[in-house]
Structures are given as structure tokens and as C-alpha cells.
Amino acid sequence: MPLLTPSTRTPRRRTPGPAARFGAALAAALLAVLLGPPAAGEAAPRPAPSADPGAVRWAVQPSGPGGPTGRNYFTYDLAPGDTVTDHVGVTNLGDRPLTFAVYGTDAYTTTDGAFALLPSDRAATDVGAWIGVERRSWTVPPGRRADIPFRLTVPRDATPGDHTGGVIAAVAQDGVTADGQRVRLDQRIAARVYLRVAGEVRPAVTVESVRVDYDTPLNPIGRADLTVTYRIRNSGNVRVGGTGAVVVDGPGGWTLSRTSPVDLPELLPGAEFTVTERVTGVPPALRLTATVDLAPTTVDTALPPVRRTASVWAPPWLLLAALAAAGAWLHLRRRRRRPTSAAPSTTPGPASVSEPSAAPAGPADASGAPVAGTAEPPAGGTAAGAR
């Protein structure tokens, strides 16, 4: 018998029927009519406001003594030693007075290509240090704008080319973090400053490195993604932009794929930026070559194209394995069909007969046969026993 274990069951509640639900709703309605509206001073609950009435909002823009001039940025072309006076408009869009810290600072290009300004705890050393404001603190009433004058003085030893920064209006407020700690928040809005110092202009863009990654598919007719990562640097003295594309070639310059041109961020002098392009559907063509093709531009003109290549092996492994197996099979088959070479013959051939050597000449009889036992007497003597 199976082992039974005791279990506890919750009693099933009986769901009221439609008539019971209708009766409960009718009783609630009658009770509300009998009780009447809420008594005076008992306000009905209201939804919480959607926005914080104490939030600060403001705007910063290039301006003049009489108000905004329609410029998007502060743009100047000055020579070393020149001075220009301008105005920045700071508008308080909130419902209470705000006190702003107004000052200049330097700009830089972030690693992801964004335009950024130095944090408040870093002192400016370039165009931001050349901007002077009459005073740092300015209080603006709610709904009003203050056109604050400042002066930009270019040092006599300033280097030619582009110098970029911004005029900042910052508001400092006390805040509380998620864990309850009190912090000082520095909220900043700025208007950009683009200064071109007169002198020799040297626009230049360099592709410093190119890396190619490819995950070769096993299927020789398959496709895979090829990733190209390259780093570009503004090695000149003016800001540059432009477009970049990647071309993928196989053996013999056979073009397999290319990407559409993408816009490059604005690179300030000395800035660098890393681009990653993913090229889809690339076949394993044994050897793949990726060419980075840049079309850089400045605010004035286009620059000569910049190209750099890198390669990666992409062998079709399955096809190579099949070819190797076929080659090994053909080699074995040819060896089996090759005839066996004949062994050296052991059948005796005709015996060689040596010719006898000629006998030494001696006395002969009348027939010419030599006479046995005769000898030539020595010269000048007689034969023994002759009488």
C-alpha cells in the first residue's frame, strides 16, 4: 500500500453570487446618500503634484547689452594680445530668486566623443582662464534674465589654432542621497566658446590603431560578423569632424562588404576617439583585410582622406579539412596502384672462358711443334756430351 501522509487543507470560500453583489452595491449607495457630503474642513484627498514647485530651472545663452543676439555659441577670431567684451544671458525660469556662480572654464572631448567642460574642482589653463567676469556671484529674480558682461583677453604667447571652453552659470544646492546622506549639488549650464587664434593652422587626423576580430564559421559557405575597432586622434591644432567607413576585402582585392559612412564627433585638438564597427555577413575568405577610410573636415574645408588597414586570417576549416582528407585518400590510392620493381636475377648465365696465354717461343720440329727437353745452348759454348 502506498504511504499516506497527513495534509492540511484550507476550507474553500463560497463566492457570492450576482444577486448578493448587487445587493451590497445598492446598500453602499444608500448609505452614502444618507450620510451626505463631507463636513466642512474635511477636504477630500488630492493627487500629489506632478512637479516639485521648488525645482530650479534656468537657461544660459550668448547675449548682448540689450538681450539675446540669436547666436548659438560664442565664436571669435582673435590675434594674440587682443581683447573682446561680450555678454552671457542667464534666465531664471523658476519661481524664486536664484544665485548663480558665473565663470569660464576649458572644454575637452570625452572618451565617447561628447563635448564636456572641466569639473568645478579643476582650474582652467586655456581659454577658460582667459575669461574674466566682473564678479563671480549673481542673483537673478524669478522670471527675469541678467545679461552679465565678461572680457576675453588672448595672451600674447597663445598658440595658433582653436581653443574651446564655455561660460558657466552654476547653482549649488544641498541635497540628500538615497541612503540619507546630505550632499552639495553643483548644477551647471554653459554656453560654448570657440576661439581661433591667428597663426599657422595645421589640421591633421591620425588613425593610431586598427584591430580586426572575426569568428570563423565552420560552414565554408556560411557568414559571420567582423568587428573593426580603430582609434583616431586629432593631431593638429584645429577642431575636426567628418565621416568614417570600413571596407572589407578578400584575397586579390575582392571587396566583400563595406559599411555606410558614420559621422565622427567633433574632436578638439589633442583629443582621441575609439570607433567600433560591426560588419555583418562576411564569408570566411581565407584572408580578410579591413580598410578604415576617413573623410575628415574642419569648420573651413575638407581634408585629404586618411586610410589604414589591418588583416585577419579566416580559413574555411571544414573545406580545408575536406581537401586534406581527399588529398590523403588520393595519395594512398596512387601508392597502391604503383607496380612492384623486379628483383635482381639469380639465373646462371654462360660461363666466361679465359683465353690461354701464348706459350713462350722455343725450338720446334719440322711440323712446328716444340721439341721437349731441348734447350738453347748458352752463347759461345758447346753442348754437353757432344763429341
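Quick note: structure is the one above.
Residues numbered from 1 in each chain as written. Predicted model: local features only at pLDDT ≥ 70, side-chain atom pairs only at ≥ 80, totals over all residues. Heavy atoms only, no water.

Q: Run through the overall build of the chain, naming residues and quoting values.
A: Within the chain, the regular secondary structure consists of two helices and 19 strands. The buried share among the 387 residues of the chain stands at 32%. Partitioning the contacts of the chain with sequence separation of at least 6, the portion at a separation of at least 24 is 70%. (Helix = DSSP H or I, 4+ residues; strand = E, 2+ residues; numbered from the N terminus. Buried < 20%, exposed > 50% of the residue type's maximum accessible area, 1.4 Å probe, protein only. Contact = heavy atoms within 4.5 Å.)

Q: Outline the packing of aromatic side chains, listing residues and values.
A: Inspection of every chain in the model, using the stated rule, returns five aromatic pairs. When the centroid spacing of 5.7 Å and the interplanar angle of 55° are considered together, the rings of Trp 58 and Phe 100 count as tilted. With Trp 58 in strand E1 (residues 58–64) and Phe 100 in strand E5 (residues 98–109), the pair connects residues that are 42 residues apart, well separated along the chain. Of the two residues, Trp 58 and Phe 100, neither departs from the other in class, the shared state being buried. Judged by centre distance (5.5 Å) and plane angle (85°), the ring pair of Tyr 73 and Tyr 194 falls under edge-to-face. Of this pair, Tyr 73 sits in the loop between strand E2 (67–68) and strand E3 (74–78) while Tyr 194 sits in strand E11 (residues 182–197), placing them 121 residues apart in sequence. One aromatic cluster is present, built from ring pairs that chain together Tyr 73, Phe 115 and Tyr 194. Sitting over the face of the ring of Tyr 194, Arg 239 holds its NZ or CZ atom 3.8 Å from the ring centroid. Sitting over the ring of Trp 313, Arg 287 keeps its end group 4.5 Å from the ring centre. (Phe/Tyr/Trp six-rings, centres within 6.5 Å; stacked < 30°, edge-to-face > 60°. Lys NZ or Arg CZ within 6 Å of the ring centre and 35° of its normal.)

Q: Report on the side chain of Ser 63, specifying residues and quantitative values.
A: Tracing the backbone through its elements, the reader meets Ser 63 in strand E1. A distance of 2.9 Å separates a polar atom in the side chain of Ser 63 from the backbone oxygen of Gly 67. If near-sequence neighbours (up to four positions away) are discounted, Ser 63 is found in contact with Pro 68, Thr 69, Arg 71, Phe 74, Asp 86, His 87, Val 88, Gly 89 and Asp 147. (Polar contact = N/O pair within 3.5 Å; in protein donor to acceptor, adjacent residues only side chain to side chain.)

Q: Requested: an account of the sheet that holds strand E13 (residues 224–234), with residues and values cited.
A: What the three strands build is an open sheet, ordered E12-E13-E17; its pairing is antiparallel. Each having just a single partner strand, strand E12 (205–214) and strand E17 (272–282) make up the two edges of the open sheet. When strand polarity is set aside, the average angle formed by the axes of neighbouring strands in this sheet is 20°. Bridge count between E13 and E17: nine bridges; the pairing is antiparallel. Paired with Leu 226 across the strands is Val 279, a residue of E17. (Pairing = 2+ DSSP bridges. Axes fitted to C-alpha atoms, helices over the stretch in contact; angles between N-to-C directions.)

Q: Report on the sheet that holds strand E9 (residues 145–153), specifying residues and quantitative values.
A: Picture the strands of a sheet paired through backbone hydrogen bonds; they go either parallel or antiparallel. With respect to topology, five strands assemble into an open sheet ordered E2-E1-E4-E9-E7, the strand pairing being antiparallel. Looking at strand neighbours, the two that pair on one side only are E2 and strand E7 (131–133), the edges of this open sheet. With three bridges connecting them, E7 and E9 associate as antiparallel partners. Bridge pairing in E9 links Val 133 to Phe 150.

Q: I'd love a proper account of unusual backbone geometry, names of residues and values included.
A: Backbone geometry places Leu 286, a non-glycine residue, at a positive phi of 75°. Summarising the element assignment, Leu 286 is placed in strand E18 (residues 286–297). Residue classification places Leu 286 among the partly exposed positions, given a relative accessible area of 40%.

Q: Tell me what's going on with the nonpolar core, and back it up with residues and numbers.
A: Residues Leu 226, Tyr 230, Leu 288 and Leu 294 are the most contacted members of the largest nonpolar core, which totals 31 residues. Only E12, E13, strand E14 (241–249), E17, E18 and strand E19 (306–314) provide two or more residues apiece to this core. Setting aside its immediate chain neighbours within four residues, Leu 226 contacts Val 212, Asp 213, Tyr 214, Val 248, Glu 277, Arg 278, Val 279, Val 282, Leu 288, Ala 290 and Val 312. Core analysis: the next-biggest nonpolar cluster, separate from the first, contains 30 residues, Val 102, Ala 146, Val 154 and Ala 158 among them. (Core = buried A, V, L, I, M, F, W, Y, C linked by side-chain atoms within 4.5 Å.)

Q: Tell me about the pattern of salt bridges, and please be specific about residues and values.
A: Inspection of the entire model under this criterion finds 13 salt bridges. For the salt bridge of Arg 71 with Asp 86, the shortest nitrogen-to-oxygen distance reads 2.9 Å. Pair noted here: Arg 71 is in the loop between E2 and E3 and Asp 86 is in strand E4 (residues 83–92), with a separation of 15 residues, a long-range link. The class of Arg 71 is partly exposed, set by a relative accessible area of 29%. A salt bridge links Asp 174 to Arg 184, with the shortest nitrogen-to-oxygen separation between them at 2.8 Å. With Asp 174 in strand E10 (residues 161–176) and Arg 184 in strand E11, this pair connects stretches of sequence that are 10 residues apart. For Asp 174, a relative accessible area of 53% translates into the label exposed. Beyond isolated ion pairs, a larger network of salt bridges with shared partners links Asp 162, Arg 196, Arg 239, Glu 266 and Asp 300. (Salt bridge = Lys/Arg side-chain N within 4 Å of Asp/Glu carboxyl O.)

In short, geometric facts, not functional conclusions.
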